[in-house]
Amino acid sequence: MSDEGRFRKIGLMVGLELHQQLNTSRKLFCHCPTVIRDDKPDGGFVRRLRPTQSEMGAVDPAALFEFQRKKKFYYEYYNDTTCLVEADEEPPHNLCEESIDVALTMATFLGSSPLDEIHAMRKIVIDGSNTTGFQRTAIIAMGGKILVGTKEIGILAISLEEDAARKIADDDKENMKMYRLDRLGIPLIEIATAPDIETPSQAQETALAIGLLLRSTGKVKRGLGTIRQDVNVSIKGGAIIEIKGFQQLDMLSTLVELEALRQERLLEIRDALHERNISPKQISSEPTDISDIFAGSSSKMIKKALKAGHAIYGVRLPGFAGLVGREVQPERRLGTELSDYAKFWGDVGGIFHTDELPGYGISAQEVAQLREAVSAGSQDAVVIVAAPMGKCVDALEAVVRRAREAIEGVPAETRTPLPNGTTKYARPRPGAERMYPETDVRPVKITPSRLKRIRKNLPETLDSKEKRFVKDYGLSKDLASQMVRSLNLLLFEQIMSEMEVPATLLAVTLENTVVSLHRDGVPIERLEDNHFRQLFECVTKTEVSPDAIPAILTHLANNPTSGIQDALDATDLGKIDTTEIENVVREIVEDRIDFVREQGERALGGLMGVAMKRLRGRADGKVIKKHLAAEIQRVLTSTEE
Amino acid sequence: MTLDDSGYRGLVLEKLSAAGAKVGDTITIDHQGREYVGILMPRAQVGRDPDHVVIKLVSGYNVGIRLNELSEIHSIKSGRKRKRPAEKTTSKAQSDLPTVSILSTGGTIASKVDYQTGAVNPALSAQDLYDTVPELKDHANIHARIVMSVFSENIQPADWTKIARSVSSEIKKSVDGVVIAHGTDTLGITSAALAFALQDLPVPVVLVGSQRSSDRPSSDAAMNLIRATDFVGHANAAEIMVVMHGQTDDTFAYAHRGTRVRKCHTSRRDAFQSVNYSPLFKIDETGIAELSAPLLRRNPDRKLKMKPKFDDRVTIVNTSPGIKPDVIDSYVDSGYRGLVLAGTGLGHAPEHIHSALKRAIDAGVIVAMTSQCIWGRVNMNVYRPGVEMLEMGVIPCENMLTETATVKLMWLLANTKTVEKAHAAMSECIVGEISMRTEQSEYRIQSEAC
């Protein structure tokens, strides 16, 4: 069955939410620059966040849980690039107009309808990533679509939101999370698609297409962490799983595929449990203290835990024998999912289960005693955990909850992506998001004249730019595609508009030559735009041969303060004039006059090598060839006479 | 909420009325070929407007739609009144906990957000307080009472009288302490007023506020309220104080003397600073540390002396380059009885208003001098114009805050038999509002220096 057929059969539905950092001069709600920093912060402060009572009801359970743990948050700040707004010590400033313009530009690209009046909202988030306890966000436009291949993917909304503070570390001893304020407030544009995506590869193509459009605005940040995606995946009979903060675009199809697989496998496990006639009610065992069984255990982990005064608890999962060890994703079993719950709700290091025991130093005899202690039959699985008593109970109660959900199928969750495209449990899916108006910020009216200005100044999309590069500049399709996606695009366009350079030579230099120099260990990061500009000025004036480019760039990279003339002098690669070429060519031909007479015009091939070696880089190969051919011709003609 | 106070005007109001839509109803808007469905929101809080209607989409986002003559609105579902879940009221009094009265006057320390409309409503009852700060019941048995519900910039001298009387009646119930929730703008001024109005207190009375409203997860309200409650329940002190965040961190609070505290920042949590004086106590999770001795110690048998009247014919005049004598004249002509001049530097005013000041004093108006510098003591002996004003009868207020001096003059004019007595009392310390020594550490405008 084709991929498409297979995924259609399981009813795969995927929706994407792309979050892209904007490269604006200020943050979304204050006038700080949008700079991420790695140097030492100037100071920090400690805060706590409390879940506020909502008149609409529910407090986010995970948030409440964190609060009850008396979690503290430490925020690091910089005096010169963060201010009191990020510290939640000053009300927000008005929405950044530049960001709104970028969102309106995207709306025009995607055929979305801009709202007439933009209202900032507060979305409650109390994991500490926002000093305020909420994230400010606003819808800018709704509707629209993007064509991916032949498939139309609907756009739900285009929003602006403030990026969260950057998590730096966990200080478990102080029960504190450390964040840095540099990222907090950087404008993010969020583009949410409808769940129209039906295959993993379509998901990746959609993300790429939207990403390219975003870059077309010329106002987005580049580099690691500047684009993040939330991926919503469900299959028929499964549940909507929200995978948050995925950054490896090239792995997106793998991520979707593995989540579809996970849901299929969980449904198989559900079916197996049904066949065994297991109902959620049966899974009601209380965690039991089984420390005694392990008093003389030779398992290192168990010994260490007991020595630290911890307890060993076990719980029976009726009918789960053989299922806990079943793989749901590569290297991840149902047991791993149970373990995720134990870690999150019980704050323990992990669990053991009978599908993997005896093992880890736990003996067959201990397993038998363990089964007896919790009255587990051969169809049952037992999960054990070693930790302080309270944590053991919390952890195993969470395991029981998760096991109960296995009978229903796939629990709706928010999950965290792992590097290989699999995911782990992050937290329960929050209910309807608690949002209320950000009354500290005035709404922004979008006037018809503003929309007119946006339409008039619409940047060329990278897609049409690519086509234009092929048509007008004669770049190959591949090179054009590479060029429009490159960080050097702006430089390429500037140099093309400033001088008469062969476009392919320029593109190849920027995209390929530099990369291969990098591979050879040349410190290309020291090359500046101006180096390239000077170099190509010389190329234009035929002072430098294209063959000399790598050597000149290498010199400039090693001596970034020296100018192009220094480089030419140092490398002796300044182009020589025609007379000198003629002299060299004549010398070569005269030295090998017998060879030339013997070979006739075929001598050209052999002598070309010699000439190139003498003149390498200082003259264009084509020019050398012309002169050489002329000289050979001259010699042959004179011989015949 | 009716449409009339929903913030809509003009065309939008007409169309909404015609459709019979009320705030909270689900409505559809057909506008330029698009249909929008959402819950009708009020817009008073985001600015009145005749053109844009605000609805909440299913996603929770609010959006504004600009209407024109052709737009159509239909009300499709009326909003349900949401019933608040009936919660078990106030838990039983715990005998090992102190009893604390919490009086509410307004402000954001106790407020709840309506997530539908975004309206922030004051939480006023004891139950509301327990709802917003559930831990409170572990710190004290609370008696809660609403005295008034006003933004603090609207508080009038007559309100101080009302608050003072309410405090007095709480103290008569033999509570261990009183907490007054108050908006922060004029919190330091009310605290100074109460310090004069309520003397010889048997138990501590503190004012508390919040710089971030309590509907926000990051609010300072809960910590300030809990620290204040703990403090009045246990501290061995009996005077009017202000308890607020000590630094930007959610770590400790200071208790400041009511007459010596000033809001020194528009928005920071640690905006309240003791000026020309040390905070009296530092309060954190582990306990209360005394930094400077209080005026009186706790003594439940002490008899409260209440003098709650104020004469509001007193105001502050800031001197400035270009100030005209007629500013002074107009106050005198309007029957003002006292002027507090916030002068420059050591206590100076431009010489071209000196004759106007003389005229005021001759007319029986008390003129007192403080400094715009905020920190430091006035001294009018250093330069000749200062000496001339002293000779005229301008009263130097030592290191008293301008706002405190104003309140004090209002109080003196209402509670002394003669102008001479008021005049004399102005530069004397009554409730710790003046000190004759200023210590090195008492100048800190940088919170980091704390």
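Cut-offs used in this document
Residues numbered from 1 in each chain as written. Chains lettered and ligands numbered in written order. Predicted model: local features only at pLDDT ≥ 70, side-chain atom pairs only at ≥ 80, totals over all residues. Heavy atoms only, no water. Contact = heavy atoms within 4.5 Å. Buried area = accessible area lost by both parts, 1.4 Å probe. Salt bridge = Lys/Arg side-chain N within 4 Å of Asp/Glu carboxyl O. Polar contact = N/O pair within 3.5 Å; in protein donor to acceptor, adjacent residues only side chain to side chain. Helix = DSSP H or I, 4+ residues; strand = E, 2+ residues; numbered from the N terminus. Nonpolar A, V, L, I, M, F, W, Y, C, P; charged D, E, K, R; others polar. Pairing = 2+ DSSP bridges. Axes fitted to C-alpha atoms, helices over the stretch in contact; angles between N-to-C directions. Domains from an automatic or database assignment. Buried < 20%, exposed > 50% of the residue type's maximum accessible area, 1.4 Å probe, protein only.

Trainee: In this structure, what is going on with the interface of chain A and chain B? I would like to understand it.
Mentor: Where interface size is given, it is often the accessible area lost as the parts come together that is meant. Each side of the interface is counted separately: chain A has 53 residues, and chain B has 50 residues. For the pair chain A and chain B, the summed buried area comes to about 4,300 Å², and 51% of that belongs to carbon and sulfur atoms. Scanning the region where chain A abuts chain B turns up nine salt bridges. Measuring nitrogen to oxygen at the nearest pair gives 3.4 Å for the salt bridge that ties Glu89(A) to Arg212(B). Applying the counting rule to chain A against chain B returns 24 residue pairs in polar contact (both at pLDDT 80 or more). Those elements that provide at least two residues to the side of chain A that touches chain B are β2 (43-47), β6 (121-124), β7 (134-142), β9 (151-162) and β23 (435-437) of chain A. Looking at the side of chain A that touches chain B, the element that brings in the most residues is β7(A), giving five residues. Looking at the side of chain A that touches chain B, its residues break down into 23 nonpolar, 14 polar and 16 charged. Relative to strand β4 (residues 62-66) of chain B, strand β5 (residues 117-118) of chain A runs antiparallel, the two being bridged by two bridges. Counted as the bridge partner of Ile118(A) is Val63(B) from β4(B).

Trainee: Help me understand the sheet that holds strand β10 (residues 166-171) of chain A in this model?
Mentor: What links the strands of a sheet is backbone hydrogen bonding, and the strands pair in either a parallel or an antiparallel sense. All names here are of chain A. Sheet architecture is open: four strands sit in the order β2-β3-β11-β10, paired in mixed fashion. Two strands close off the open sheet at either side, each with one partner strand: β2 and β10. Neighbour-to-neighbour, the strand axes of this sheet turn through a mean angle of 25°, independent of strand direction. In this sheet, strand β11 (residues 176-180) lies alongside strand β3 (residues 72-77) in parallel orientation, the contact comprising five bridges. Within the sheet, the bridge partner assigned to Glu76 lies in β11 and is Arg180.

Trainee: Explanation requested: the domain arrangement of chain B in the structure shown.
Mentor: All names here are of chain B. Segmentation of chain B into domains returns domain 1 (3-77), domain 2 (99-306) and domain 3 (314-425). Computed from C-alpha coordinates alone, the two centres of domain 2 and domain 3 are separated by 31 Å. Facing 16 residues of domain 2, the contacting portion of domain 3 comprises 11 residues. Taken together, the two surfaces of domain 2 and domain 3 that pack against each other cover about 1,300 Å², and 68% of this comes from carbon and sulfur. Looking only at domain 2, the three residues that lose the most surface to domain 3 are Phe196, Arg262 and Asn276, adding up to 45% of its buried area.

Trainee: How do you make sense of the pairing of β11(A) when you look at a structure like this?
Mentor: Residue and element names in this part refer to chain A. The element β11 is extensively covered by neighbouring structure, given that five of its five residues are classed as buried. As defined by bridge partners, β10 adjoins β11 across five bridges and the pair is classed as antiparallel. By the bridge assignment, Ala169 is partnered in β11 with Met178. Counting the residues in the hairpin turn of β10 and β11 gives four residues, including Asn175, whose phi is positive at 55°.

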